[in-house]
Amino acid sequence: MALLKIKFSQKKRVKLAQGLWLMNWFSVFAGILVFSMGLFLKIELRKRSEVMDNSESHFVPNSLILMGMLSCACNGFAGKICYDSLDPAKFAKWKPVLKPYLALCFFFNILIFFIALSCFLMRGSLESTLAQGLKNSMKFYRDTDTPGRCFMKKTIDMLQIEFKCCGNNGFKDWFEVQWISNRYLDFSSKEVKDRIKSNVDGRYLVDGVPFSCCNPSSPRPCIQYQVTNNSAHYSYDYQTEDLNLWRRGCREALLHYYSSMMNTMGAVVLLVWLFEISVMVGLRLLHTSLESIANPEDPECESEGWILENSLKDTLKSAVESLKQIGKFNQVEAGAEGAEGEEAGKTPAVTTVS
């Protein structure tokens, strides 16, 4: 028994073809939207590539860009088919193409679904690349005179100001790296010498943070140095001064920014996927309803359209049988080649007697 079998008159076929033509052009615009989202995400990731450990996070935007381009091409082609199906003479040339095209649409929709899932699952890989990337970037904050790293100070300062964050996981991360360049240290000072000697790696570590960690909404001047020393400042307790420095780490801030963006994009791609599924189903109904016309010379006669010619169970069973037949055919070919090799090996040698 056919799956979703529907009877069609000529009027219904015309309405279906017109509706599908319109839906395909909507899908083209949806493809442009997906392409634009992928391009926007790629630009946003590249803007902060200096604080990311690797380029694995570009898989999703590249997939969105590719999917958007394929969607525009496929749906534009389907729109042409739907338009020509209004004329039986024009539709005849598309009959050999429709089955392979529908199979291509099926795999394309599977691809769209997995890309939508990858949008929601990107958070894990993004979190690890941000954690390591920010950690490495903070080490290069002081290298303002080193070629290739001189921009890192500005990058991190702008990042902390824009996202209202400080450090990797929090402001205390700055206590573990030397973020003040040696160029601005007085090595003749006893305090500087003692602080450098007290560290195994010979770094100048302080309980201070860059100015970009300061919260401009704080009611008091920003305390950048001796942050954890309550006695160094009047009426100060660093554990309760929530407004003095940004408490949130930049990893969390960036992760929240990109995750919310990716969730929105994933939801949009899922909607596009549902729309593409409906277009594919409609195109299949149009295809079968036009092929099942009993009298091609009378286009006004009724016909039947369906999604699958047999039930889902029977269709899966026949697909499995087809795969088995292909496997047996390959085995027969391999056996025949082996037999030919054996016969060649058994060919007797001919000796000549003089």
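Reading the values: the criteria
Residues numbered from 1 in each chain as written. Predicted model: local features only at pLDDT ≥ 70, side-chain atom pairs only at ≥ 80, totals over all residues. Heavy atoms only, no water. UniProt positions renumbered as here; feature names shortened; annotations may be inferred. Salt bridge = Lys/Arg side-chain N within 4 Å of Asp/Glu carboxyl O. Helix = DSSP H or I, 4+ residues; strand = E, 2+ residues; numbered from the N terminus. Buried < 20%, exposed > 50% of the residue type's maximum accessible area, 1.4 Å probe, protein only. Disulfide = S-S within 2.5 Å. Phe/Tyr/Trp six-rings, centres within 6.5 Å; stacked < 30°, edge-to-face > 60°. Lys NZ or Arg CZ within 6 Å of the ring centre and 35° of its normal. Core = buried A, V, L, I, M, F, W, Y, C linked by side-chain atoms within 4.5 Å. Axes fitted to C-alpha atoms, helices over the stretch in contact; angles between N-to-C directions. Parallel < 35°, antiparallel > 145°, perpendicular 65-115°, else oblique. Left-handed = near helix turned anticlockwise from the far one by under 90°.

Per an unreviewed UniProt entry, the recorded name for the chain is Peripherin-2, and the organism is Steatornis caripensis. The chain has a UniProt comment under Subcellular location (unreviewed entry) that states "Membrane".

> Any details on the pattern of salt bridges? Residues and values, ideally.
As enumerated under the stated definition, the model contains ten salt bridges in all. One salt bridge connects Arg183 with Asp145, and the closest N-O pair in it is separated by 2.9 Å. Residue Arg183 is found in the loop between helix H5 (152-163) and helix H6 (190-197), and its partner Asp145 is found in the loop between helix H4 (95-139) and H5; the two are separated by 38 residues along the sequence. Put simply, Asp157 and Lys153 hold a salt bridge, and the shortest N to O gap is 3.0 Å. Of this pair, Asp157 and Lys153 both sit in helix H5, four residues apart, which is roughly one turn of the helix. For Asp157, a relative accessible area of 4% gives the class buried. Assessed through its relative accessible area of 29%, Lys153 is described here as partly exposed. Several salt bridges share partner residues, and in doing so they unite Glu44, Lys47, Arg48 and Glu162 into one network.

> Please give an account of the UniProt feature "transmembrane region" (unreviewed entry) in the chain that cites residues and values.
Following the UniProt record, the feature "transmembrane region" (unreviewed entry) maps to residues 20-41 and 101-122 here. Segment residues 101-122 splits into 100% helix and 0% strand. End C-alpha atoms: 31 Å apart.

> Quick rundown of the state of the cysteines? Include the residues and the values.
Scanning the entire structure with this criterion turns up three disulfides. There is a disulfide in this structure between Cys166 and Cys213, and the S-S distance comes to 2.1 Å. The sign of the S-S torsion, about 85°, decides the handedness of the disulfide formed by Cys166 and Cys213: right-handed. Linking Cys166 in the loop between H5 and H6 with Cys213 in the loop between H6 and helix H7 (250-291), this pair joins segments that are 47 residues apart in sequence. You can call Cys166 buried: its relative accessible area is 0%. Note on Cys213: relative accessible area 0%, which makes it buried. Note that Cys214 is cross-linked by a disulfide to Cys222, the S-S spacing being 1.8 Å. An S-S torsion of about -75° defines the bridge between Cys214 and Cys222 as left-handed. When its relative accessible area of 15% is taken as the criterion, Cys214 is described as buried. Should the bonded cysteines of the chain be numbered as they appear in the sequence, the pairing reads 1-6, 2-3, 4-5. Between Cys72, a free cysteine, and Cys74, which holds the nearest cysteine sulfur, the sulfur-to-sulfur gap is 9.6 Å.

> Describe the packing of aromatic side chains, with residues and values.
Tallied over the entire structure, the rule returns eleven aromatic pairs. Arranged with centres 6.1 Å apart and planes meeting at 70°, the rings of Phe113 and Phe114 form a pair that is edge-to-face. A ring pair is formed by Tyr141 and Trp174, whose centres lie 5.1 Å apart and whose planes are at 70°; its orientation type is edge-to-face. With a gap of 33 residues between them, Tyr141 in the loop between H4 and H5 and Trp174 in the loop between H5 and H6 connect regions that are remote in the sequence. Given a relative accessible area of 3%, Tyr141 falls into the buried group. Pairwise contacts between aromatic rings join Tyr141, Trp174, Trp179 and Tyr225 into one cluster. The cationic tip of Arg149 hangs over the ring face of Phe140; the distance from NZ or CZ to the ring centre is 4.0 Å. The ring of Tyr204 has Arg195 lying over it, and the distance from NZ or CZ to the ring centre is 5.9 Å.

> Which residues make up the nonpolar core, and what are the values?
Generally speaking, soluble globular proteins have nonpolar side chains that are buried together. With 32 residues, the main nonpolar core has Leu41, Leu64 and Leu126 as its most contacted residues. Only helix H1 (10-47), helix H2 (59-84), H4, H5 and H7 provide two or more residues apiece to this core. Per-element tally for this core: the top contributor is H7, with ten residues.

> Mind laying out the environment of Val60, listing which residues take part and the relevant values?
Tracing the backbone through its elements, the reader meets Val60 in helix H2. Distance in space between the C-alpha atoms of Val60 and Lys42 is 8.6 Å, their sequence separation being 18 residues.

> A description of the packing of H1 against H7 should follow, citing residues and the corresponding values.
Two elements in contact, H1 and H7, have axes separated by 9 Å at closest approach and are oriented at 155°. Considering their axes alone, H1 and H7 lie roughly antiparallel with respect to each other. Crossing handedness for the pair H1 and H7: left-handed.

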